[in-house]
Amino acid sequence: MNFFNDLADFSAAEIRELILLAGRLDKHPEPRALEGKVLALLFLSPSLRTLISFQSAMARLGGSTFVVSPEMSIHGLESRSGIVMDGIAAEHIREAVPVIASYGDAIGIRAFAKRENLEDDLADREFHELTSLVDTPYINMESAINHPCQSLADWKTLDDLNVPAKGGKLVLSWSWHPSPMPLAVPAATLHMAALRGMDVTVLRPEGYALPDALMEKAQQAAAASGGSVTQTDDRASAMQDCQVIYASSWASPQHYGDRKAEDKIKPDMPTWCVDEPWFANASSGCYFMHCLPARRGVSVSDDILDGARSVVVAEAHSRMLVQMALLYQMLSKR
Amino acid sequence: MNFFNDLADFSAAEIRELILLAGRLDKHPEPRALEGKVLALLFLSPSLRTLISFQSAMARLGGSTFVVSPEMSIHGLESRSGIVMDGIAAEHIREAVPVIASYGDAIGIRAFAKRENLEDDLADREFHELTSLVDTPYINMESAINHPCQSLADWKTLDDLNVPAKGGKLVLSWSWHPSPMPLAVPAATLHMAALRGMDVTVLRPEGYALPDALMEKAQQAAAASGGSVTQTDDRASAMQDCQVIYASSWASPQHYGDRKAEDKIKPDMPTWCVDEPWFANASSGCYFMHCLPARRGVSVSDDILDGARSVVVAEAHSRMLVQMALLYQMLSKR
Amino acid sequence: MNFFNDLADFSAAEIRELILLAGRLDKHPEPRALEGKVLALLFLSPSLRTLISFQSAMARLGGSTFVVSPEMSIHGLESRSGIVMDGIAAEHIREAVPVIASYGDAIGIRAFAKRENLEDDLADREFHELTSLVDTPYINMESAINHPCQSLADWKTLDDLNVPAKGGKLVLSWSWHPSPMPLAVPAATLHMAALRGMDVTVLRPEGYALPDALMEKAQQAAAASGGSVTQTDDRASAMQDCQVIYASSWASPQHYGDRKAEDKIKPDMPTWCVDEPWFANASSGCYFMHCLPARRGVSVSDDILDGARSVVVAEAHSRMLVQMALLYQMLSKR
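A. Molecular detail of the overall build of chain A. Secondary structure summary: chain A contains 12 helices and 12 strands in total. In summary, chain A has a C-alpha radius of gyration of 20 Å against a globular reference of 20 Å for 334 residues, a match within 12%. The dimensions of chain A, computed from C-alpha atoms along their principal axes, are 55 × 50 × 35 Å. Within chain A, counting contacts between residues at least 6 apart in sequence, those at least 24 apart form 80% of the total.

B. Local environment of the domain arrangement of chain A. Residues and elements named next belong to chain A. Here chain A is partitioned into domain 1 (3-146 + 319-331) and domain 2 (162-310). When each unit is reduced to the centre of its C-alpha atoms, the spacing between domain 1 and domain 2 is 26 Å. At the interface, 17 residues of domain 1 touch 19 residues of domain 2. Counting residues per element, the side of domain 1 that touches domain 2 draws most heavily on helix α4 (residues 118-122), which supplies three residues. Tallied by class, the residues present in the side of domain 1 that touches domain 2 amount to nine nonpolar, three polar and five charged.

C. Broad picture of unusual backbone geometry. In this chain, L292 of chain B is followed by P293 of chain B through a cis amide linkage whose omega measures 0 degrees. Mapped onto the elements of the fold, P293 of chain B is located in the loop between β12 (287-289) and α11 (302-306). In this structure, N162 of chain A takes a positive phi of about 60 degrees despite not being glycine. With respect to the helices, strands and loops of the structure, N162 of chain A is situated in the loop between α6 (148-160) and β8 (169-174). You can call N162 of chain A exposed: it has 7 C-beta atoms within 10 Å. Within the chain, D241 of chain C stands out as a residue other than glycine whose phi angle is a positive 60 degrees. Considering the arrangement of structural elements, one finds D241 of chain C in the loop between α9 (235-239) and β11 (244-248). For D241 of chain C, a count of 11 C-beta atoms within 10 Å gives the class exposed.

D. Structural context of the interface of chain B and chain C. In this assembly, 28 residues from chain B lie in contact with 25 residues from chain C. For the side of chain B that touches chain C, the secondary structure elements donating two or more residues are α2 (49-60), α11 and α12 (312-331) of chain B. At seven residues, α2 of chain B tops the list of elements feeding residues into the side of chain B that touches chain C. Among the residues making up the side of chain B that touches chain C, the classes are represented as 16 nonpolar, six polar and six charged.

E. View of the sheet that holds strand β9 (residues 199-203) of chain B. Residues and elements named next belong to chain B. The strand order β10-β9-β8-β11-β12 describes an open sheet built from five strands, whose pairing is parallel. The sheet is open, and its two borders are formed by β10 (228-232) and β12, each paired with just one other strand. The average undirected angle you get between the axes of adjacent strands in this sheet is 20 degrees. Pairing between strand β8 (residues 169-174) and strand β11 (residues 244-248): five bridges, direction parallel. Opposite V171, over in β11, you have I245 as the bridge partner.

F. The arrangement of the confidence of the model for chain A in detail. When pLDDT is averaged along chain A, the result is 96; 99% of the residues meet or exceed 70. As a predicted assembly, this complex carries a pTM of 0.97 together with an ipTM value of 0.96.

G. Structural view of the relation of the copies chain C and chain A. Its rotation angle being 120 degrees, the transformation that places chain C on chain A also includes 0.0 Å of axial translation and leaves an RMSD of 0.0 Å. Taken together, the rotation and translation describe the operation of a three-fold axis.

H. Looking closely at the interface of chain C and chain A. Between chain C and chain A, the residue contacts involve 28 residues of the former and 25 residues of the latter. If you list the elements that add at least two residues to the side of chain C that touches chain A, you get α2 (49-60), α11 (302-306) and α12 (312-331) of chain C. Split into classes, the residues belonging to the side of chain C that touches chain A amount to 16 nonpolar, six polar and six charged.

I. Region of the structure containing the pairing of strand β11 (residues 244-248) of chain A. With five of five residues buried, β11 of chain A is to be regarded as a mostly interior element. Along β11 of chain A, one buried face is formed by V244, Y246 and S248 of chain A and the opposite face, lined by I245 and A247 of chain A, is buried too.

J. Representation of the pairing of strand β6 (residues 106-110) of chain B. Residue and element names in this part refer to chain B. In terms of burial, β6 is a largely internal element, five of the five residues being buried. Of the two faces of β6, both are covered, the one formed by A106, G108 and R110 as well as the one formed by I107 and I109. Here strand β2 (residues 38-43) pairs with β6 via five bridges, running parallel. From the neighbouring strand, L41 faces β6, where its bridge partner is G108. Across three bridges, β6 lies against strand β7 (residues 138-140) in parallel orientation. Looking at the pairing, I109 lines up with N140 of β7.

K. Molecular detail of the packing of α6 of chain A against helix α12 (residues 312-331) of chain A. All names here are of chain A. α12 packs onto α6 with a crossing angle of 110 degrees between their chain directions and a minimal axis gap of 8 Å. When the axes of α6 and α12 are compared, the pair comes out roughly perpendicular. Like other packed secondary-structure pairs, α6 and α12 cross with a definite hand, here right-handed. In this structure, α6 contributes C149, Q150, L152, A153, D154, K156, T157 and D160 to the contact, and α12 contributes A314, E315, S318, R319, L321, V322 and Q323. Per-class residue counts for the contact of α6 with α12 are six nonpolar, four polar and five charged.

L. Seen up close, the sheet that holds β7 of chain B. The five strands lie next to each other as β1-β7-β6-β2-β3 (chain B), forming an open sheet whose pairing is parallel. With one partner strand each, in any of the chains shown, β1 (3-4) and β3 (64-68) of chain B form the two edges of the open sheet. Contacting β2 and β3 of chain B, helix α2 (residues 49-60) of chain A runs over the sheet at an angle of about 175 degrees to β3 of chain B. Lying on the sheet, helix α3 (residues 93-102) of chain B is in contact with β2, β3 and β6 of chain B; it crosses β2 of chain B at an angle near 150 degrees.

M. Just the packing of helix α7 (residues 184-195) of chain A against helix α8 (residues 212-225) of chain A, in detail. Residue and element names in this part refer to chain A. As a packed pair, α7 and α8 sit with axes 7 Å apart at the nearest point and diverge in direction by 15 degrees. One element, α7, and the other, α8, form an angle in the roughly parallel class. As for how α7 packs across α8, the hand of that crossing is right-handed. Two secondary-structure elements touch here, α7 through A187, L190, H191, A194 and L195 and α8 through L214, K217, A218, A221, A222 and S225. Among the residues forming the contact of α7 with α8, the class breakdown is eight nonpolar, two polar and one charged.

N. Summary view of α12 of chain C. With 20 residues, α12 of chain C should cover 28 Å at 1.5 Å per step; its first-to-last C-alpha distance of 29 Å lies within 8% of that length. Extensive coverage of α12 of chain C is indicated by the burial of 18 of its 20 residues.

O. Here's a closer look at the environment of R115 of chain C. Residues and elements named next belong to chain C. Within the secondary structure, R115 is located in the loop between β6 (106-110) and α4 (118-122). Here the alpha-carbon distance between R115 and A144, two residues 29 residues apart in the chain, equals 8.1 Å. Residues in contact with R115, not counting those within four places in the same chain, are D121, P180, P182, A251, Y256 and G257.

P. Representation of helix α3 (residues 93-102) of chain C within the structure. Burial within α3 of chain C is extensive, with nine of its 10 residues counted as buried. Among the residues of α3 of chain C, I93, R94, E95, A96, V97, V99, I100, A101 and S102 of chain C are the ones counted as buried.

Q. How the structure looks around the environment of A153 of chain B. Residues and elements named next belong to chain B. Note on placement: A153 falls in helix α6 (residues 148-160). According to the C-beta neighbour criterion, A153 is buried, with 27 such atoms within 10 Å. In sequence terms A153 and S318 are 165 residues apart; their C-alpha atoms lie 4.9 Å from each other. Not counting chain neighbours up to four residues away, the residues in contact with A153 comprise E315, S318, R319 and V322.

About the cut-offs
Residues numbered from 1 in each chain as written. Chains lettered and ligands numbered in written order. Predicted model: local features only at pLDDT ≥ 70, side-chain atom pairs only at ≥ 80, totals over all residues. Helix = DSSP H or I, 4+ residues; strand = E, 2+ residues; numbered from the N terminus. Rg over C-alpha atoms; globule rule 2.2 N^0.38 Å. Contact = placed C-beta atoms within 7 Å. Domains from an automatic or database assignment. Nonpolar A, V, L, I, M, F, W, Y, C, P; charged D, E, K, R; others polar. Buried ≥ 20, exposed ≤ 12 C-beta atoms within 10 Å, placed from the backbone. Pairing = 2+ DSSP bridges. Axes fitted to C-alpha atoms, helices over the stretch in contact; angles between N-to-C directions. pLDDT = per-residue confidence, 0-100. Least-squares fit on C-alpha atoms with pLDDT ≥ 70 in both. Parallel < 35°, antiparallel > 145°, perpendicular 65-115°, else oblique. Left-handed = near helix turned anticlockwise from the far one by under 90°. Expected span 1.5 Å × (residues − 1).

See the structure below:
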């Protein structure tokens, strides 16, 4: 495996194999599998879970990591082309990124969405610019439009919970957040659930419909897997017999990069804070998923997060396990 | 061993066994003992020695660490209950801490005293709230009222210096500091020396008497070990035949959380900066101990720190060694 | 090897042996050579390449690192003597540095030039003060006046490029930079190229002549190796038949520590931004070297950095390889 950027680059069978490997490495540790191997971790935006789950994943296989974030370079990294660097930034990504990559056997890169231009973010321009500078295998640790490690972890979590693949019903629901958030997690989750063969409903307020490009990609995956994809703003119909609700927050694609315009159409917070009444006609035992961090009392109630529905800690734990499998496949035979 | 929170949870014999193990691992390294094992390090307040001594301890045994501090989460961690998280903090400890712990085979937690409410700090409420969120073995890396790793290291240092256990005389002396400091180190040191069987005198100015709860706990340990515990503000009598002075700074328990009130009773700096004249009637070769960081010319003179009495570097080095023993006992058979 | 502070402490033969070892460890990894070994990394100024190249170098040999930077101590480290520490700094280097070193099997130290007093920096006073506090083997990770790891990497890079040692022509050229930069890299590069046996020309504007002490040290090395060392402000003659240009920026030694005075003599930026026309009478295929970070459009043009002449990424990659050799020699038999 030379890169891990998008679940769409893999067949459902290949993904299932990764998840099986994750389970095997969890039960039967291989603490020398990656001895002497090094994973570079480049974070162009802050991270908690992603950072430490990759650090722990490499360590459990006997390998190591090092971390780079922009503030570690003297006065930060410049990324613009053709610039005269007589200001604060002392270093350009065109030198920094190849060097960082060259110290590792693979590199994980996080490049958060700029949320200025929808087309740029849908095309993942920044992430592709970064990977074009790199010769080693690379891993998408969340880009403007994807978060494949989160999706792989969520797939494993769904398996572990015995949520059916074909015929399983998942609602991907918008939830309130103070800021306009990236599309990466909803885009990746939608596609993952479709590829897994689930019946997916995107539940969101007016003005928050996911872009056509994302819906079409997911519909293609659903067509191949026997799943289905739809979106609505009708909560009651969406939640009917739902087995999993996956809450996420995203900026209005309609007013992308224009916070003032978005604020005018943004619904009131309490109406989109996931809470127990949402589950009235859901399947009994319907699970609550969220990629974390989750804002209590804003995106989801304390009752849900502290109650039996919540599997958010299991999701986060799965991150480490699937990343072990990923790193094992990518690096153990090099 | 499922947790290491307080020397009081162990018998003197168990502690001596840990110290023997520390010496053995120092002389006969076991660089694969903890291969594939991971220690999570959660620092809710800054650290130098504790951080790097744990990193080095795990590494010498073939294991790994990862570090979490609040600023690593996007805008920090929320810890209050029932809060509507529409402000700066994006993540609550109730999700973050179980996730962090789940990436490790054990977790070390540092939670500095808030120094607002004496009862809360004596009861170590924040630390217990954090450990209640954790399923893995845990280590107290300094809490509001304890610092067992420091005490274990100091015990070893005293052994290495051949300071007698039973009959050895240790003065735990208050020393000047610009800020009201936590009770963790004096509380832990007092109890450690009593448990070791020493005759311990707490020397402190008026208004700085250690709380009854701490004295009583130490007296119980002394009763079992054949040591003794007392406190006084009479330096000459305290220092008589003293073999070790352990300097530490702590907030006035009488005016806990009320800095203005404390400032009124705080003695002048030069009178409580440990210096050579203090040792006039001490045992010849009386040692100077301090957990570091130490403020030169404020808590202790340059002469003492740079002179033959000072064993502060040995104490700090012992931290690494005893923590190796601790981690070995906790993790090598899991 | 007990310290690595200056290429001048080693014979050319010893350096060639290190470089051979670097090549061998690159081709035939020894991922357990340093198992259980720990390298302390103390950075008194920021670093990107140095930090991660040492982290990766230790990891590839099965060892580990930990990192200390001043901001990790509570309110920073004090280094002045005889000070009353009642201000912000809570810890003195006289305690901190021996403790940090004691947690490692060796320590790497970075202490950037203060650029206040030329004699102090030429004598590397701060670095020597720090190493005097340390009992373990140590490595200079860039001091006020040296950067031996960079020079060792550059030597290897020159070898890898088949640039001749004896008779090879290298121009060490001053290049524009917004700030007065340290003398460490030019001093180390000048000496390295002379020791390698090359004909070295220092090309710099009026007022930027390298201090006599540095020229004399390089001349001694050249005398032994059969190379030569000279300096000039005549670019055309300097670049004639040049095989390698090494660009670097340094403060005017004539106005050291006096930025206002330097600004008066500082040439215009475009005249000292390395660009293709500089190479008019150079050897065909003349390489461009730089230790990075490099300011695009300021120190060197985009065309040069993005073109075939640039070997800056190879130089940076060599850092990791030569440091592996260094650490192997220093630590594998301890």
